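# Structure assessment
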Amino acid sequence: MKGYKKGIKYIFMGFLSFCMVLSIAGCNNTKMDASKDRSTSLEIDTGASEDATKMEMWVFVELHSKFYGEMIRRWNQQHPDRQLDIRFVALPYDDMHNKLQMALQSGKGAPDLCDIEVGKFPNFLMGEPQLESLNDVVEPYKDSIVQSRLDLYSKDGNIYGLPTHVGATVMFYNTEILEEAGVDYTQIETWDDYILAGKKVVEETSKSMGVAETNAMWTLSALLAQQSSDYVTDDGKPNVNSKEMIKAMTLIQDMLNEGIIEVCPGGQPDTEEGFGYINEGNVASMVMPLWFMSRFLDYMPDLNGKIAIAPVPVFEKGMPRSVGLGGTGTVVTKTAVDTQLAKEFLAFAKLSEEANMQVWKVLGFDPVNTNLWKNKEITHDEENKFVQYFVNNPFEVLNEVEHEIELIRSLEITPSINNVIGTQVLNDINENGADPEATLNDAQAQLENELGL
Amino acid sequence: MVRLKKILNSQKVAPYVFITPFILTFLIFFVYPLFSTTIMSFQSVLPGQIEFIGFTNYRRLFSDKIFWKAVSNSIKYMVVTILFLIPFPMLFAFFIDKKIMIGREVFKSIFFLPALTSVVVAGTIFRLIFGELPGSLMNTVISALGMAPIKWLKIQKTGFAALIILACWRWTGVNMLYFLSGLKNIPEQLYESAAIDGANGFERFIYITIPLLKPTTIYVLTISIYAGLAMFTESYMLWAGNNSPQNIGLTIVGYLYRQGIEKNSMGYASAVGLILLIFTMGINLTQLRFTGVLKKEEE
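Remember, it's a predicted structure, so these values are computed and weren't measured experimentally. (Residues numbered from 1 in each chain as written. Chains lettered and ligands numbered in written order. Predicted model: local features only at pLDDT ≥ 70, side-chain atom pairs only at ≥ 80, totals over all residues. Heavy atoms only, no water.)

## Thoughts on the packing of aromatic side chains
Throughout the structure, instances matching the rule amount to 42 aromatic pairs over all chains. Summarising the aromatic geometry, the rings of A:W191 and A:Y194 are spaced 5.1 Å apart at their centres and angled 80° between planes, so their arrangement reads as edge-to-face. Within this pair, A:W191 and its partner A:Y194 are both found in helix α8 (residues 191-205), separated by 3 residues, close to a single helical turn. Taking the centre distance of 4.5 Å and the plane angle of 5° together, the rings of A:F275 and A:Y299 count as stacked. Here the residue A:F275 occupies a position in helix α11 (residues 272-279), and A:Y299 occupies one in helix α12 (residues 292-299), the gap between them amounting to 24 residues. Its guanidinium or amino end placed over the ring of B:Y268, B:R60 lies 4.1 Å from that ring's centre, counting from NZ or CZ. A cation over an aromatic ring shows up here: B:K98 above the ring of B:Y191, its NZ or CZ 5.5 Å from the ring centre. (Phe/Tyr/Trp six-rings, centres within 6.5 Å; stacked < 30°, edge-to-face > 60°. Helix = DSSP H or I, 4+ residues; strand = E, 2+ residues; numbered from the N terminus. Lys NZ or Arg CZ within 6 Å of the ring centre and 35° of its normal.)

Here it is in structure tokens:
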């Protein structure tokens, strides 16, 4: 009897301890499964041999891994003795950046290479960047790369990220609407010209000439850059109430008040509502970076053959007509298994001419290697879907503004500035008709308080 | 081995063995993070540069307009959701519990369905319903009533209303289930004797159901206070991100996320988190003391 009781006791205790182990392991399992569910591990044939160096790379756009996969294949062919094999993990945008931030902060679990979106990039340059400086591997390519795109991912003279595209801002015109109104877009050089043309468009077609943004800063950045100004001062302090800024916001508000432009549905063109609205032929033009081309192909098929690309109008002739906006900087982390190999591969995969050819062909971005812009075989390839879609060739515009592509700096305080402008300032001025100068002064005060200046 | 068995089996030790899993989880996932958050709230935390900065984070916090905007949003949200999410689920539960009610199970499932729907999906659908274009569902409805289309999610009042509607849609069923289980504990005889004494249905609800549901109500109130103040997902999904126009949908947790993750200011975010903890604890402890729950335990 006693033995029987004891047996039950053991079973009971065994069961309890089993539960304990299970509950602890259970926590782990669910966590891992959850992360597995949301990320996609991508099997890409890289043609690597058995003894290739194995690395891991995180991306937030799955298409990018295809591009890198192609570049690994080429690298392995050209460097049979220094082969590498990369396992790609595609994560949702926020997830990937958050995980990377935590991993770098704690020094554990970071991938060897990673894509970082430009808006998030400043976060990774704070403190001592846990990223490898890429200066030495950039050197051979430096002369043919758009310098401002390298500056964007630099801190204290060290380049930490390599750009994917230029993102040069241009004006996209809907030629169908312009023809109906009798406007020749090639004659629009200044904002005064634009306003005159806009009045004609509104009169003849009762459609809008352009759009104002409430949650993005494409037009505003373009207006700021053409006055050679920025959201920050030279020594990195917020500068959102400068006279250039007030001039830019006033221009946008004036055009809104005159009914020439309207607030974009969705708050900016790069949204579902925006695509729909533009596709229906409601607006005659929009200021966007060149990567917006791929959005036309993917989301606005009705405008095929109707969209022309031209430089953005300026306040006064002679001002720089473009600025590089948006982008993805690719980095090598300090914890990478073979930093030198990773760095050299990265430079090859993002800066070489063959890489940039792929950037244009696969991703449809304006490549950072300017040698390519002059290569007519590539730029005027009739088979290319981008060349086919647009009225004129995108590279003609790129070559025209080649030496006018300005930089809007991305610093540690940039996320704060973007936040204040994107959630408050643009809404107040463009949507609610607030006075630009007063609103911008408020924003400046708020930023100074928040940043403890 | 024998000694170990003896110790484990002794009446003094066994209880502690049993509660070890809870204590461990509590220590690892609650006490330790709380402890390190407290320390971090006095620091500036950056990779390779962690320094002690005293009360700077808190000083910045108290003069930070956006933080107070977030606090006021969260408190407003908590109050309004409590006003809707306690009386109505209670009433629905009362009806569904009635045996003469037709289609009880169907209603129960329908009310509970939103809780099973992913917030991501629900948020997206609500965002489209409250879209700013004239073709969105809500704008079609109001234009049928002769009103001009509204940019719902860009205006403080309508945006907040959309948020409340989303919350009510989502949580009514859950709270109703709590009340239903509470109702099951009320003996049928009480209703019968009240009926014999001549009480009508309304009086029975007021004088029997509500008082006897008090423990359930207090429980629902407690979790609603916490859930209201800690709300984040609904707002994040409704505005497709943490940044709503004029911060009309920004909550305390949203602000914590903005500072800690979006601006990589972990120390500052820790201070926000601690303030949230103090708020929630303060309100809930007052509430529990007021409703007499804590007193009972003391006795």
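## Considerations on the interface of chain B and chain A
The interface is formed by 35 residues belonging to chain B together with 39 residues belonging to chain A. When chain B packs against chain A, close to 3,200 Å² is buried across both sides, 50% of that on carbon and sulfur atoms. Per-residue buried area on chain B facing chain A is highest for B:P47, B:Q246 and B:K263; these three make up 19% of the total on that side. Scanning the region where chain B abuts chain A turns up 3 salt bridges. (Contact = heavy atoms within 4.5 Å. Buried area = accessible area lost by both parts, 1.4 Å probe. Salt bridge = Lys/Arg side-chain N within 4 Å of Asp/Glu carboxyl O.)

## As for the sheet that holds strand β11 (residues 285-289) of chain A
Residue and element names in this part refer to chain A. Pairing is antiparallel across the open sheet formed by 3 strands, whose spatial order is β11-β8-β12. The strands lining the two open edges of the sheet, one partner per strand, are β11 and β12 (307-310). Averaged over all neighbouring strand pairs, the angle between strand axes comes to 30°, with direction disregarded. As paired strands, strand β8 (residues 169-174) and β11 are joined by 5 bridges and run antiparallel to one another. (Pairing = 2+ DSSP bridges. Axes fitted to C-alpha atoms, helices over the stretch in contact; angles between N-to-C directions.)

## Structural notes on the pairing of strand β14 (residues 328-332) of chain A
Residues and elements named next belong to chain A. The buried fraction of β14 is high, at 5 of 5 residues. Where burial is concerned, the two faces of β14 agree: the one with T328, T330 and V332 and the one with G329 and V331 are both buried. Looking at chain direction, strand β4 (residues 113-117) and β14 are connected through 5 bridges and run antiparallel. If you follow L113 over to β14, its bridge partner there is V332. Pairing between strand β7 (residues 162-163) and β14: 2 bridges, direction antiparallel. Paired with P163 across the strands is G329, a residue of β14. (Buried < 20%, exposed > 50% of the residue type's maximum accessible area, 1.4 Å probe, protein only.)

## Remarks on helix α15 (residues 266-290) of chain B
End to end, α15(B) covers 36 Å across 25 residues, agreeing with the expected 36 Å (1.5 Å per residue, within 8%). Note on α15(B): the residue one or two positions beyond its end, B:G292, has a positive phi of about 90°. (Expected span 1.5 Å × (residues − 1).)

## Considering the confidence of the model for chain A
The share of residues in chain A with pLDDT of 70 or more is 90%, and the mean pLDDT across the chain is 88. Residue range residues 18-37 of chain A is modelled with pLDDT below 50. Its contacts to residues more than four positions away, or to other chains, number 4 contacts. (pLDDT = per-residue confidence, 0-100.)

## Digging into the domain arrangement of chain A
Residue and element names in this part refer to chain A. Structurally, chain A comprises domain 1 (41-166 + 326-374) and domain 2 (177-325 + 417-450). Taken together, the contact pairs 10 residues of domain 1 with 7 residues of domain 2. Summing the contributions of domain 1 and of domain 2, the shared interface buries around 590 Å²; its carbon and sulfur component is 62%. The largest share of the area that domain 1 buries against domain 2 comes from G326, F365 and D366, three residues that together contribute 51% of it. Applying the counting criterion to the domain 1 and domain 2 interface returns 1 residue pair in polar contact (both at pLDDT 80 or more). A class-by-class count of the residues in the side of domain 1 that touches domain 2 yields 4 nonpolar, 4 polar and 2 charged. (Domains from an automatic or database assignment. Polar contact = N/O pair within 3.5 Å; in protein donor to acceptor, adjacent residues only side chain to side chain. Nonpolar A, V, L, I, M, F, W, Y, C, P; charged D, E, K, R; others polar.)

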